[in-house]
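Coordinates in review
The chain contents come next:
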Amino acid sequence: MIANLLAADPTNVFQWLGDSSERLASGAIPDQAWITIWHSVAATSIAIVLAVPLAVWLAHYRKAELLSAWLVNIGRVIPTVTIVAVAVLVSLRNGYGFEPWPILIALVAMALPPIFSNTYTAVRGVDENVVSAARAIGTTEWSIMTSIELPLASMVILTGIRVAAVQVVATEVIGAFFGGEGLGAYIRQGLGNRDNYEVQAGALLITGVAMTLDLCLFLLSKLLIPKGVSPVKRSSTDRAGTEPRPSEPASTAGPVS
Amino acid sequence: MTALSPVPATGRSAATRWVVRGVVAVALVAFAIWAKSRIDGLDTSTQATNPIIRWEWLFLRERTPDELREMTIQHLQLTVIPMAIGITIATGLTLVARKLRWSLTPITVVTSFLYTIPSFALFGILRTLTTNFQAAVIALTSYSLLVLVRNFVAGLDGVPGHVLDAADGLGMGPLRRLITVEIPLALPVIFTGIRVATVTIVGLVAVSSIIQLGGLGSLIFEGYKVLFSTKIVVGTVLSILLATLLDLLLDWVGRLLTPWARRKAEP
Amino acid sequence: MNTTRSRSPWRAPLALLAAFALVLAACGSDSDGAAKDDGASKGDGGGEKVSLSLRPQDFAESVTLTEVYAQFLATKGYDTSVQKPDGAFRDGVYPALEDGEADIVIDYTGSAATFLDPAGTPSADPDETYDRLVASLGDNLEVGAFSPAEDKNALVVLKSFAEEHDLTTISDLATVPDVVFGGSAQCMEREDCLLGYQGDTYGLTFKSVKTLDYGPPLAAGLKSGDIDAAQYQTTAPEIASGDFVVLEDDKGLLSADNVVPIVAAKKSDADLLAALDELSKQLTTEDLIAWNVRTDIDKDDPVDVATDWLEEKGLI
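I will try to describe carefully the structure that is included in this document. Quantities reported herein were computed from a predicted structural model and do not represent experimental measurements.

The rules behind the values
- Residues numbered from 1 in each chain as written.
- Chains lettered and ligands numbered in written order.
- Predicted model: local features only at pLDDT ≥ 70, side-chain atom pairs only at ≥ 80, totals over all residues.
- Helix = DSSP H or I, 4+ residues; strand = E, 2+ residues; numbered from the N terminus.
- Buried ≥ 20, exposed ≤ 12 C-beta atoms within 10 Å, placed from the backbone.
- Contact = placed C-beta atoms within 7 Å.
- Pairing = 2+ DSSP bridges.
- Right-handed = clockwise from strand over helix to strand, strands pointing away.

**Quick notes on the overall build of chain B**
Helix and strand counts for chain B come out as 11 helices and 0 strands. When the helices and strands of chain B are placed in sequence order, the string is α-α-α-α-α-α-α-α-α-α-α. When the 267 residues of chain B are sorted by exposure, 47% land in the buried category.

Listed below in structure tokens is the structure:
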């Protein structure tokens, strides 16, 4: 028993987490966590900046309906591994190396479909009567988009962002198998050296980061959503609450990874 | 924990569907013609330039068909087995949730929790506890549950109240009503859930390459390991094709099972 | 009316089941077909042949080497098969050898000795290293003679990097600030790799350490500047072409690494060892380099490279 405790090799995952000498090659936990977090947050932010305005504009003018429907399917069908592998390979061919560009570009590409399609569907689903009423009292199209459609759609948009963010974290850690760093490094290193505790510790840390990010965005959505915006759109059906809520968007857009 | 709403049954019009299929068919034919033209001009001297796709690897290499078939079979196994288990579990959970309404929230929370775990982490941690294949099946099953349960519950909830009243009026028992009325009417939404889960799983199978499985996805990892883009492209395209074919197959089965839905005008 | 009502209820769930049964059946029959095909191609050997399972490590040169030995042994009347590398390196290969999952591993003397006996003193001399390997083998393993073909571990840098910082030895790296070290996941936990460079032997400090897959990704990392120095193989095509230079191991951290077959004792006999030796002595370091050019640069299959070489040498 005592020999066990004194042994250099950790005997469980928590001992591994507490023992910094185990992480000579795979880096300190805060460093790797920081890499994963900044990659994820940066990529999600870029995707929001790119996708939300475009989707609001397109949805407002009812353009590109087929595109928005297909973007979900395309995002779901393409394996996440592919996006990372292709980004790395293209980057290497053009001399940009392994980090950080390929992984960031891959993550942005991952995040775009769910954010775009959720925003599009949400804005598309804003009650026509509200928009008509606003138009009738002389509100400009710009104001309709920014101060009516966007707030009313914000709940679903934030759901899309949450889905995207979780996927982005999941993809970021896969990047460790394609020459990236971040928390995935522990799983790569652990699988490579048959160190089960390292794999378990890495998995716990990754799950922790994903859950924390999800929770943060959930709390953020509680703070940001204007009062009075109901989370579920009421549909005028024969029996309230018995319809499969067809007006609600498919916020499961894109694969988990 | 991620709030996810059930995926609605798709309401694309028949015309759009045929246009899309036409475009896909034309694209495939064009691709085949182009590929053929490339093969005819192949010789070994073009190999060293290492283009994005080396067609002779795909079409002339003797081992390629066998390897691809083996990988496709593994990919199918890793899709169908978790889906079958997932549908069984989801059916059970749905029945529980219908019987005990309060249990829907914990069921949703748990399945959402599973859905939020990054697959990379789940494959890794299960690998340390069990065999590779079991680890992959358990992980993939757990990812199918959220979408399946959501859509199963939503599908059954979506059966109009007056239909239920009519069934009760005819003196049907709860089980008989479930099987003869509710499930058939819920099938479109149920099938949409199955389709979405299947396509998602097909995409996720690739990640199980990190535990020496991966089906067609292992081609992507192999391609990276030697920086050989042909393998990455072929693995991806076949994986996408597989997902699309399974999606169309399930769509077709769903349509066969609900002939009455075709007569209804779609929104 | 009544008949249609009583028929329809079960149709939907039954059809659902049938559909999945179909999918499952299709899947199952496919895999049966594949198994049959594999059986037909492999199992034509008859019952008397000794079957040997060879296990490569997960990098191209090891796979090519293993294929060469397997195909050569097949001509000597053995029923050989090469397993999939499946991401395994020595810590996966040797347990397989001990468990009887694999019968032969083609390894390199120094790296094998260091793996089996981490405490031993490294030596750049092939004979001493071979003796160390022989001493470190347990009762379960036997070893053939080593080949003149050698693929050492080496710390390599870009030629331009070496010229810029005037590097010839590994110790010179201490004068260069902010060196990023790259290597495989296994290298990071080996005494004759990262631990030796950072530890007592060299005492170097690296700005950071980056893990890349052993093979083209590691070479690509050097070329792209993601890493400055990498633990790589002396038979790398990039060294032969002059893009990379090997830093001299001035403190004797790295061992000689001649190709050597290691055999599970229960499959080993004089005939097998004689056959292995016959092949080992024909291999040269130049052959290894030529194979790596084909597998790493031209992306050819190790199997084909092995067959081509054996045909060229008139061995099959």
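**Examining the interface of chain C and chain A**
Across the boundary between the two partners, chain C contributes 15 residues, which contact 14 residues of chain A. Taken together, the elements giving at least two residues each to the side of chain C that touches chain A come down to strand 7 (208-211) and helix 8 (216-224) of chain C.

**Side note on the pairing of strand 10 (residues 259-264) of chain C**
Residues and elements named next belong to chain C. In terms of burial, strand 10 is largely enclosed, as 6 of its 6 residues are buried. Burial along strand 10 is two-sided: the residues Val-259, Pro-261 and Val-263 and Val-260, Ile-262 and Ala-264 are all buried. Here strand 3 (residues 104-108) runs beside strand 10; their pairing, made up of 5 bridges, is antiparallel. Each bridged residue has a counterpart across the sheet, and for Val-105 the counterpart in strand 10 is Ile-262.

**Brief notes about the pairing of strand 1 (residues 51-54) of chain C**
Residue and element names in this part refer to chain C. In strand 1, alternate side chains face the same way, and those of Leu-52 and Leu-54 are buried while those of Ser-51 and Ser-53 on the opposite face are not. Bridge analysis of strand 1 against strand 2 (residues 79-82) gives 4 bridges, and the strand direction is parallel. Bridge pairing links Ser-53 to Ser-81 in strand 2. You can see the chain leave strand 1, run along helix 2 (residues 60-75) and come back into strand 2, and the turn it takes is right-handed.

**What about the environment of Thr159(A)?**
Along the chain, Thr159(A) turns up in helix 8 (residues 141-174). It is 15 Å that separates the C-alpha atoms of Thr159(A) and Ala55(A), two residues lying 104 residues apart in sequence.

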